Amino acid sequence: MAKKMKTIDGNTAAAHVAYAMSDAAAIYPITPSSGMGEMCDEWAANGLKNVFGQIMLVRQLQSEAGAAAAVHGNLAAGALTTTFTASQGLLLMIPNMYKMSGEVLPAVFHVTARAIAGHALSIFGDHQDIMAVRPTGFSLLASASVQEVMDLGLVTHLAAVEASVPFIHFFDGFRTSHEIQKVEMIDYDDMAKLVNWDAVKAFRARAANPERPELRGTAQNPDIYFQGIEVANPYYQKIPAIVSQCMKKVENLTGRKYRLFDYVGDPDAERIIISMGSSCETIEEVVNYLVDKGERVGLVKIRLYRPFSAEHLFAAIPATVDRITVLDRTKERGALGDPLYQDVCTAYMERGEMPVIVGGRYGLGSKEFTPSMVKAVFDNMNSAGPKNHFTVGIIDDVTNTSLEVEEGFDVAPEGTVQCKFWGLGADGTVGANKSAIKIIGDNTDMFAQAYFAYDSKKSGGITISHLRFGKTPIKSTYLIDSADYIACHKSKYVESYDVLEGIKDGGTFVLNSSWTVKDMEKTAGVGLGGRINMIMQTAFFKLANIIPVEDAIAYLKDQIKKLFSKKGDKIVNMNYEAVDKTLDNLIEIKYPKSWIDASDGQVAATNEPDFVKNVMRPMLAQQGDKLPVSAFTPDGIFPVATTKYEKRGVAINVPIWDMDNCIQCNQCAMVCPHAAIRPVLLTDEELAKAPKGFEAIEAIGKELKGYYFRMQVNTLDCMGCGNCADICPAKKPALVMKPIETQIDIQVPFHKYAVELPVRDNLIKRNSIKGSQFFQPLVEFSGACAGCGETPYAKLLTQLFGERMIIGNATGCTSIWGGSAP
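Residues numbered from 1 in each chain as written. Predicted model: local features only at pLDDT ≥ 70, side-chain atom pairs only at ≥ 80, totals over all residues. Heavy atoms only, no water.

**Student:** Would you mind showing me how to read the pairing of strand β3 (residues 57–60) here?
**Tutor:** Sheet topology places strand β2 (residues 24–27) next to β3; 4 bridges connect them, and they run parallel. Bridging from a neighbouring strand, Ala24 pairs with Leu57 of β3. You can see the chain leave β2, run along helix α2 (residues 34–45) and come back into β3, and the turn it takes is right-handed. (Pairing = 2+ DSSP bridges. Helix = DSSP H or I, 4+ residues; strand = E, 2+ residues; numbered from the N terminus. Right-handed = clockwise from strand over helix to strand, strands pointing away.)

Pasting the structure below:
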C-alpha cells in the first residue's frame, strides 16, 4: 500500500471508513459525533463512491430512536448500515440495539464516547454511555488515537460482516473525535480487497424479501424464549477469533499491528495498568519514560472490550506481574467496582489466582488525565497497601478517594514544540489553528497534533487551542502545561486568566491588543472585524519559526483561496491583505522588569455571594480543576442569576444611545439576545443624583408623565451583535455601534446606577412591546451566540409570565444559554 499521510481529526477518520464500508447511514446529530454524519452527507452530495461502487444513502431522522430504527430496518432489508452517536443519543437507541443483536444483524455504530447527563449535562468525553450498553449484545471495540480510529474502524466493519453481529466502534469524545493528527490514510481500493465478499453476499441473501415470505420478531412464551437467546452463543464465541483475523488483515495492509489486548512496557514488568481509550496514549508515553529509567512497569490496552476474552487478556500480561491497576472512565454507582475492574477481577477469579488488583476512576467529563496522574497511579501500586476504588485528577475531600498528584512530570519527547492559543469563540482562532496544523502536517515531514478546549458557551465563549509539532509520533493526549509559544487573541483575557501559566523560559508570548479609535480608523482598514484568525495565524508562522515564514505564507494564501473562493474575490483579497499587513504591524515589546510585580487591576466585589467568590470565580478563571469535591452539592443544583457577576466584556463594538433620535419604542430592548440593553424610568430626584453625563429625556405617554426615560447599554454583557441598532425604526438611528474600549469607562458606572433604580413595571400594560420591556427580564447575559434568534423569545416570555413560569428544555442550545455552569 502506498503511504498517503493526511492531517485529520478522529471524526474524519471514522467517517472515511464508515462511508467506504456502508450502503447507508441513518443519522441524528449529537455532540461530539455530528461531524461524522455531516461529512458522509457532504461526500454523498458530491457523488463519492464507496467500496460497493455506490453513493452512500444518507438520511437524517427525527431522533436517535428513529435513526436506530432506520438502521435496524435497513439491515433487515439487506443494506449494510451505520450511524454515529454518543451519550443520551446512544441510550435512546438501546431498544433497537437489542433487536439488532437479537437478529444477528451486522450494524456498525461509531460512538464518540461521552458523559451521561445525571446531576448535570456534560457534552464531554468519558465511557459512561459505552458502559450503559454493555448488555445489548453489541460487540465493543475501542480506539485510542486518530490513526487507530481509521485502522480499527476498518476492523470493526470487516468483523461485523464476517461475524454477522452488531458492533460499536468507540473513541473518546473530543479528546480523539476532535483531536487532529497526521495519520496514514487507507484508500477505498485497498479496503475493498479486505472485504469478505462471500459474507456480504450471504448477508444480502437473507434480507427480508416478499419473494421469500417469513415471520420476524415473534412474541414468544416461556416455553421457548430462553432457548432463543442461548442459541446465538456460537456467534459470540467466534467473535474474538474473527476480530483477530480482521486485525491481521489490516496489519498486512498497513504494517500496523493490533491485538485484542496490546501490551507495551517492560517484558518483565511487576506493575501494570489496564485501560482503554485515549488514556492509553498518555500511559504509554509515561511507561516508555519510566522503563527508560529502569522501572518495571507496563500497560495493557484493551481493544475488544465485548465479548471480553480472558484468554487473550492473560496472553498479553507478562508472567512477572503481581500488581495491577484497572482504570475506568466511568462510575457505576452502588456497584462493588466499576465495570472494567470487575471484568478483570472476574477473569482472574475464574482462573483461580489473584494478584493485587485495584481499581480507579479518571477523566470523567473529559477531566484531564496527565503524565503526573499516571505516575501517581504507578506510585500507588508501590505502597504497602495500595488504595482501591480511588479517583485521580480531582480533590475528593468528601469521601477521600483521590490519589495525591505531584505536578510537573514532563515526558514529552525531546524536540516537541508546544503552542497554546487563547481565543474567543467564533473569532476564527480554532479554524486558523486547524489550517496551521494541516499546513505543517501536510507539507513537512513533521508530526503534528491539535486539540481544542472549549467551554460550553456558543460563539463568544473561551477557546484554548493546543498544538504540538515534533519529529516523532505524538502521544500526548492531554493539554499543554509547558508551552514554547502562547498567543492571546483577546486582550481582555489578560485581566481574567493566567494566560502565561506554563510558558517556558525564553518562550514567545503574542498579544492581539486593542486599537484606540484613532488606530481603528487607520489600521483596521482590512475590514475583517472580529475574524482576526488570518492575522494571528500569520504572526504564529513568523514567530514560532516551525517552517520558513515565506513557505507558510504561500501555504496560507492557498488555504485562503480554498476556504473563501466561494464567497467571492473581495473576501479572498481582504484576507490576503490581512496576511500581508500582519508582518508590517508586528511589534516586539521589550518589557521592563517591573512588570513581574504588576497586578491584574481587578478588585473583587465585596458583596458577591459565597458561591460566586468560592466556586464561580475559580471556574471563570479556568481554575475549576482545583476545586474540591466538597464545593458542590450532591443534587447538582446551582444557584441562578450568576452570570450578572461574570462581565465578560467580549464585544468588539457596542451600541451607543442617542436620546435626541430615540422614539422610546423599546424594540431594541426586546430583540437583544442577552438582555444587555434596558429601558430605565427615573424621577427628577433620581436623575439629579445620577453620575455626571448620565442623560435622560422626558418619557413619552400619559402613563409615564413625570418620569424621565433612558435606554441603558450594559457594555460588559453586550455581545456586539448589532440587533438593537438594526431594528431601531427611528428616522435617524438612535443606536450607533462604537468600539467597546471607547465606552467601558463611561457606560459601566451608568449601568451600575441604572440597575440600582426601582424596576417600574406597573405603569404601562404588560402585553405590549413597550410595556413588556419595563419588566425585569429573567433570562439575562446567557451563553448564547451573539445575535441569537432563540433567547429573545425566552427572555420576552419571562417578562410576560416570569413569576408563574417554569422552563423545561430538551438538551441542545437551550441547555447552554439557559444553564451553562456556572
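From this point, the discussion proceeds with the structure in view.
**Student:** Looking at this structure, how should I read the pattern of salt bridges?
**Tutor:** Applying the stated criterion to the full structure yields 40 salt bridges. The closest approach of N and O atoms between Asp343 and Arg306, which form a salt bridge, is 3.2 Å. Remark: Arg306 occurs in strand β12 (residues 304–306) and Asp343 occurs in helix α14 (residues 339–351); sequence separation between them is 37 residues. Since its relative accessible area comes to 16%, Arg306 is described here as buried. Here Asp580 and Lys557 are joined by a salt bridge, their closest N and O atoms 2.9 Å apart. Residue Asp580 is located in helix α21 (residues 569–585), and its partner Lys557 is located in helix α20 (residues 549–564); the two are separated by 23 residues in the primary sequence. (Salt bridge = Lys/Arg side-chain N within 4 Å of Asp/Glu carboxyl O. Buried < 20%, exposed > 50% of the residue type's maximum accessible area, 1.4 Å probe, protein only.)

**Student:** What should I look at first to understand the sheet that holds strand β13 (residues 323–328) in this one?
**Tutor:** If you walk across this open sheet you meet the 6 strands as β9-β11-β10-β13-β14-β15, and the pairing is mixed. The two strands at the open ends of the sheet, each matched to only one other strand, are β9 (261–265) and β15 (390–392). The average undirected angle you get between the axes of adjacent strands in this sheet is 25°. By the bridge criterion, 4 bridges tie strand β10 (residues 271–275) to β13 in an arrangement that is parallel. Bridging from a neighbouring strand, Arg271 pairs with Arg323 of β13. (Axes fitted to C-alpha atoms, helices over the stretch in contact; angles between N-to-C directions.)

**Student:** Even after reading the chapter, I still don't get a negative patch on the surface, so can you show me in this structure?
**Tutor:** Taken together, Glu407, Asp410, Asp481, Asp498 and Glu501 make up a surface patch of like negative charges. Checked against the element boundaries, Glu501 lands in the loop between α17 (493–496) and β20 (503–511). When its relative accessible area of 38% is taken as the criterion, Glu501 is described as partly exposed. (Patch = residues over 30% accessible without salt bridge, like charges linked within 9 Å, V, L, I, M, F, W, Y side chains within 5 Å. Areas by Shrake-Rupley, 256 points an atom, 1.4 Å probe, with all protein chains shown as cover. Lys, Arg positive; Asp, Glu negative; His and termini not counted. Charge placed at Lys NZ, Arg CZ, Asp CG, Glu CD.)

**Student:** Could you clarify how one ought to interpret the sheet that holds β2 in this entry?
**Tutor:** Through backbone hydrogen bonds, the strands of a sheet pair up, either in parallel or in antiparallel fashion. In space, the 7 strands of this open sheet follow the order β3-β2-β4-β5-β7-β6-β12, with mixed pairing throughout. Either end of the sheet is taken by a strand with one partner, and the two such strands are β3 and β12. The mean inter-strand angle of the sheet, taken between neighbouring strand axes irrespective of direction, is 20°.

**Student:** Just to check I follow, could you spell out unusual backbone geometry for this structure?
**Tutor:** Excluding glycine, a negative phi dihedral is what most residues carry, and trans is how most peptide bonds are arranged. In the segment running from Thr31 into Pro32, the intervening peptide bond is cis, with an omega of 0°. If you trace the backbone, Pro32 turns up in the loop between β2 and α2. Its identity as a non-glycine residue notwithstanding, Ser366 has a phi of 65°, on the positive side. Turning to its location among the elements, Ser366 is positioned in the loop between β14 (356–362) and α15 (371–382). In this model, Phe781 sits at a positive phi of 50°, which is unusual for a non-glycine residue. Here Phe781 shows up in the loop between α27 (769–772) and α28 (791–801).

Note that every value here comes from positions in space, so none of it alone points to a role or purpose.
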